[in-house]
Amino acid sequence: MAQELWQEKHTGAGIKVAIFDTGLRADHPHFKNVAEITNWTSEQTTDDGLGHGTFVAGLIAASDTGSGCECPGFAPDSELHVFRVFTSQRVSYTSWFLDAFNYAIKREVDVLNLSIGGPDFMDRPFVEKVWEMSANNIIIVSAIGNDGPLYGTLNNPADQLDVIGVGGIDFQDKIASFSSRGMTTWELPSGYGRVKPDIVTYGQSVQGSRIYGGCRALSGTSVASPVVAGAVALLASSVPVEERRTLVNPASMKQILIAGAKPLVGPNIFEQGPGRLDLLHSYKEL
């Protein structure tokens, strides 16, 4: 999908992408445009001790230029801002996220990938900070969770209205069994939940970057989310620089993805939303 946009010289250049995850090695050979790697945890390192953050970053911006990378990302020329918000023991706190969110606003990032989530939509400081990010024109892409096939199992913040919530499918265009299902539960029992996910894409046995180089396969909606985040960065880079700030925003990008989505045969709207990511169709819509 991405190659056709690359041929038209759209590669993510000029788009700042923030990755909130487990960090990244500064000397990783797959990345050519890492603006900064910051640490928001209690550990004194920015390195990725788990491999998850490296994998996510690779799906977005790994480059095969001079590195021999066999698993390039969607937007290899995008500018990466890596936020280490999880320790090597997978521990994180709301306060770390709030501080990191504030810095992302200060750095004026364009796209933010959150391959994380939790069931607690009553965490008001977190929820309201996500709203503030959207108000600052930051497009947030987040995994809907791996609690499928049960319905009503969406994770926060992917279940928020102004966040692009991403579900997972396999390479046969079947909904992954692990992918959480809608509807949203914020409104219950006094109202009806909203349709989610906002888009689905490949999240099973997807190839991405290893901690020290090379590629490996992972599965989960945390894998599907950076696929969409990379596609969003690629689409945003296709808009002329002088028009980006007025044309590209969280609402318009979600509309473009939904308009370009390809409905899958079989799954209902609480499993697939509007359908599978179709990058080329969304590019034409844009």
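Every value quoted in this text rests on a predicted model; they were computed, and no experiment measured them. (Residues numbered from 1 in each chain as written. Predicted model: local features only at pLDDT ≥ 70, side-chain atom pairs only at ≥ 80, totals over all residues. Heavy atoms only, no water.)

1. Some remarks on the overall build of the protein chain
Right, so step 1: Helices and strands together make up the secondary structure of the protein chain, namely 9 helices and 9 strands.
Right, so step 2: Taking 2.2 N^0.38 as the reference for a compact globule, 286 residues should give roughly 19 Å; the C-alpha atoms of the protein chain span a radius of gyration of 17 Å, in line with that estimate.
Right, so step 3: C-alpha extents for the protein chain along the principal axes are approximately 55 × 45 × 35 Å.
Right, so step 4: Counting all 286 residues of the protein chain, 56% fall into the buried class.
Right, so step 5: The contacts in the protein chain between residues at least 6 apart in sequence include a share of 77% that link residues at least 24 apart.
Right, so step 6: Across the protein chain, the centroid of the 22 positively charged side chains sits 2 Å from that of the 31 negatively charged ones. (Helix = DSSP H or I, 4+ residues; strand = E, 2+ residues; numbered from the N terminus. Rg over C-alpha atoms; globule rule 2.2 N^0.38 Å. Buried < 20%, exposed > 50% of the residue type's maximum accessible area, 1.4 Å probe, protein only. Contact = heavy atoms within 4.5 Å. Lys, Arg positive; Asp, Glu negative; His and termini not counted. Charge placed at Lys NZ, Arg CZ, Asp CG, Glu CD.)

2. A look at the state of the cysteines
Right, so step 1: For the structure on display, the rule yields 1 disulfide.
Right, so step 2: Between the sulfur atoms of Cys71 and its disulfide partner Cys215 the distance amounts to 2.1 Å. Between Cys71 and Cys215 the sulfur-sulfur dihedral comes to about -90°; the bridge is accordingly left-handed. Of this pair, Cys71 sits in the loop between α2 (52-61) and β3 (79-84) while Cys215 sits in strand β9 (residues 215-218), and the two are 144 residues apart along the sequence.
Right, so step 3: For Cys71, a relative accessible area of 6% translates into the label buried.
Right, so step 4: Cysteine Cys69 is unpaired, with the sulfur of Cys71 as its nearest cysteine sulfur at 3.9 Å. (Disulfide = S-S within 2.5 Å.)

3. What to know about the pattern of salt bridges
Right, so step 1: Inspection of every chain in the model, using the stated rule, returns 13 salt bridges.
Right, so step 2: Taking the shortest distance from any N to any O, the salt bridge between Glu43 and Arg84 comes out at 2.7 Å. Here the residue Glu43 occupies a position in the loop between β2 (34-39) and α2, and Arg84 occupies one in strand β3, the gap between them amounting to 41 residues.
Right, so step 3: Across the salt bridge formed by Glu271 and Arg181, the nearest N and O atoms sit 3.8 Å from each other. (Salt bridge = Lys/Arg side-chain N within 4 Å of Asp/Glu carboxyl O.)

4. A closer look at the environment of Gln160
Right, so step 1: Its place among the elements puts Gln160 in the loop between β5 (139-143) and β6 (164-169).
Right, so step 2: What Gln160 contacts, discounting residues up to four positions off in sequence, is Val127, Val130, Trp131, Trp186, Arg194, Lys196 and Lys254.
Right, so step 3: Polar side-chain contacts of Gln160 include one of 3.0 Å to the side chain of Trp131. (Polar contact = N/O pair within 3.5 Å; in protein donor to acceptor, adjacent residues only side chain to side chain.)

5. Regarding the pairing of β6
Right, so step 1: The buried fraction of β6 amounts to 6 of the 6 residues, a majority that puts the element mostly inside the structure.
Right, so step 2: By the alternation rule, side chains of β6 split into Ile164, Val166 and Gly168 and Gly165, Gly167 and Ile169, which are all buried.
Right, so step 3: Here β5 pairs with β6 via 3 bridges, running parallel. Following the sheet pairing, Ala143 is matched in β6 by Val166.
Right, so step 4: Relative to strand β7 (residues 199-202), β6 runs parallel, the two being bridged by 4 bridges. By the bridge assignment, Val166 is partnered in β7 with Ile199. (Pairing = 2+ DSSP bridges.)

6. What to know about helix α7 (residues 250-260)
Right, so step 1: Among the residues of α7, those classed as buried are Pro250, Ser252, Met253, Lys254, Ile256, Leu257 and Gly260.
Right, so step 2: For α7, the side-chain oxygen to backbone nitrogen distance between the N-cap and Ala251 is 3.1 Å, and the N-cap itself is Asn249.

7. Structural notes on the sheet that holds β7
Right, so step 1: If you walk across this open sheet you meet the 7 strands as β2-β3-β1-β4-β5-β6-β7, and the pairing is parallel. Among the strands making up the open sheet, the edge pair consists of β2 and β7. Looking at each pair of strands side by side, their axes are set apart by 25° on average, direction ignored.
Right, so step 2: Sheet analysis places strand β4 (residues 111-114) next to β5, joined by 4 bridges and oriented parallel. Across the sheet, the residue bridging to Asn113 is Val141, located in β5. (Axes fitted to C-alpha atoms, helices over the stretch in contact; angles between N-to-C directions.)

8. Describing unusual backbone geometry
Right, so step 1: In this chain, Gly182 is followed by Met183 through a cis amide linkage whose omega measures 5°.
Right, so step 2: Within the secondary structure, Met183 is located in the loop between β6 and β7.
Right, so step 3: A cis geometry characterises the amide bond from Leu188 onward to Pro189, with omega recorded as 0°.
Right, so step 4: Here Pro189 lies in the loop between β6 and β7.
Right, so step 5: Its identity is not glycine, yet Lys9 carries a phi of approximately 75°, on the positive side.
Right, so step 6: Relative to the assigned elements, Lys9 resides in the loop between α1 (2-7) and β1 (16-21).
Right, so step 7: Residue Lys9 is classed as exposed on the basis of its relative accessible area, which comes to 73%.
Right, so step 8: The residue Asp173 is not glycine, and still its phi comes out positive at about 60°.
Right, so step 9: Among the secondary structure elements, Asp173 is positioned in the loop between β6 and β7.
Right, so step 10: Judged by its relative accessible area of 22%, Asp173 falls in the partly exposed class.

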